[in-house]
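A closer look at the structure
Below are the chains, spelled out letter by letter.
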Amino acid sequence: RPEAHVRIEAVPDESGRECRMVVLDITAERQAQQALQQRERYERALLDNFPFMVWLKDAHSRFLAVNAPFAAYWGQPSSESLVGRSDADIAAPELAAAIRADDLAVLASGETKTSEAMIELDGAPRWLETYKSAVVLGDQRLGTVGFARDITRRKQMEAELRALAATDALTGLANRQRFLERLEA
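Okay, so let's go over this structure. Bear in mind that the values here come from a model prediction, so they are computed numbers and not experimental data. (Residues numbered from 1 in each chain as written. Predicted model: local features only at pLDDT ≥ 70, side-chain atom pairs only at ≥ 80, totals over all residues. Heavy atoms only, no water.)

1. What about the nonpolar core?
One broad trend across soluble globular proteins is that nonpolar side chains are buried collectively. Basically, it comes down to this: We call a set of buried Ala, Val, Leu, Ile, Met, Phe, Trp, Tyr and Cys residues a nonpolar core when their side-chain atoms join them within 4.5 Å. Residue burial is assigned from relative accessible area. The probe radius is 1.4 Å, only protein chains are included, and a residue is buried under 20% of its type maximum, exposed over 50%, and partly exposed in between. In what follows, a contact means two residues having at least one pair of non-hydrogen atoms within 4.5 Å.
Core analysis: the largest hydrophobic core is formed by 18 residues, its most contacted members being Met53, Phe63, Phe70, Trp74 and Leu82. Trp74 has contacts with Met53, Ile90, Ala91, Leu95, Ile119 and Leu121, leaving out every residue within four places of it along the chain.

As structure tokens, then:
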């Protein structure tokens, strides 16, 4: 037998003395709710399983959704705790202002933006690679969406490679290539 969901309502008659019972079949409504909840779980799983930070903001740069890695990176208890808040609530004032300016520029131009920038987080320098895009529906720009990943380790390795390329492995002194570069400068 198929499962059915019903709602029973008491409806008084015109005189208000007699009460009639009305049984409404809400099976389709309940199935639609369950399908929506399942879709929301899938979307949350999709967001939270990305290995980088993901966010969606409205036109005023308030978070509509963020993933778990984003919340963790910024020291927040959960992704839900950031909904309705802005970068000004989680980042240093200068950084929040720069992020807001980027958001507004992307929103105004409709162009995507990719950047690498060093920020300070908990007193330590961190490098972030960031991608942002306007969220467009029809001809309206509704907000921004983006992702970022911490590339600090990559930047450190690049600096180490540059240092190794400019020094002699045995002596640690500037190598011939570095010497010639300095002569030309």
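There is more to say after this.
2. Some remarks on the side chain of Glu129
Rules: We count a stretch as a helix when DSSP gives it H or I for four or more residues in a row; a strand needs E for two or more, and each element gets its number in order from the N terminus. Any pair of nitrogen or oxygen atoms within 3.5 Å is treated as a polar contact; in protein, a donor-acceptor pairing is required on top of that, and neighbouring residues in sequence qualify only through side-chain atoms on both sides.
Among the secondary structure elements, Glu129 is positioned in strand 6 (residues 124–137). For Glu129, a relative accessible area of 17% corresponds to the buried category. Side chain to side chain, Glu129 and Arg149 meet in a polar contact 2.4 Å long. In this view, Glu129 contacts Ser115, Glu116, Phe147, Ala148, Arg149, Ile151 and Arg154; residues no more than four positions away in its chain are not counted.

3. Focus on the pattern of salt bridges
In plain terms, the rule: Salt bridges are defined as contacts in which a side-chain nitrogen from Lys or Arg sits within 4 Å of a carboxyl oxygen from Asp or Glu.
Applying the stated rule across the entire model yields 15 salt bridges. Among the ionic pairs, Arg149 bridges to Glu129, the shortest N-O distance being 2.4 Å. Within this pair, whereas Arg149 is found in strand 7 (residues 140–150), its partner Glu129 is found in strand 6, the two being separated by 20 residues in sequence. Through salt bridges with shared partners, one network takes in Lys57, Asp87, Asp103 and Lys132.

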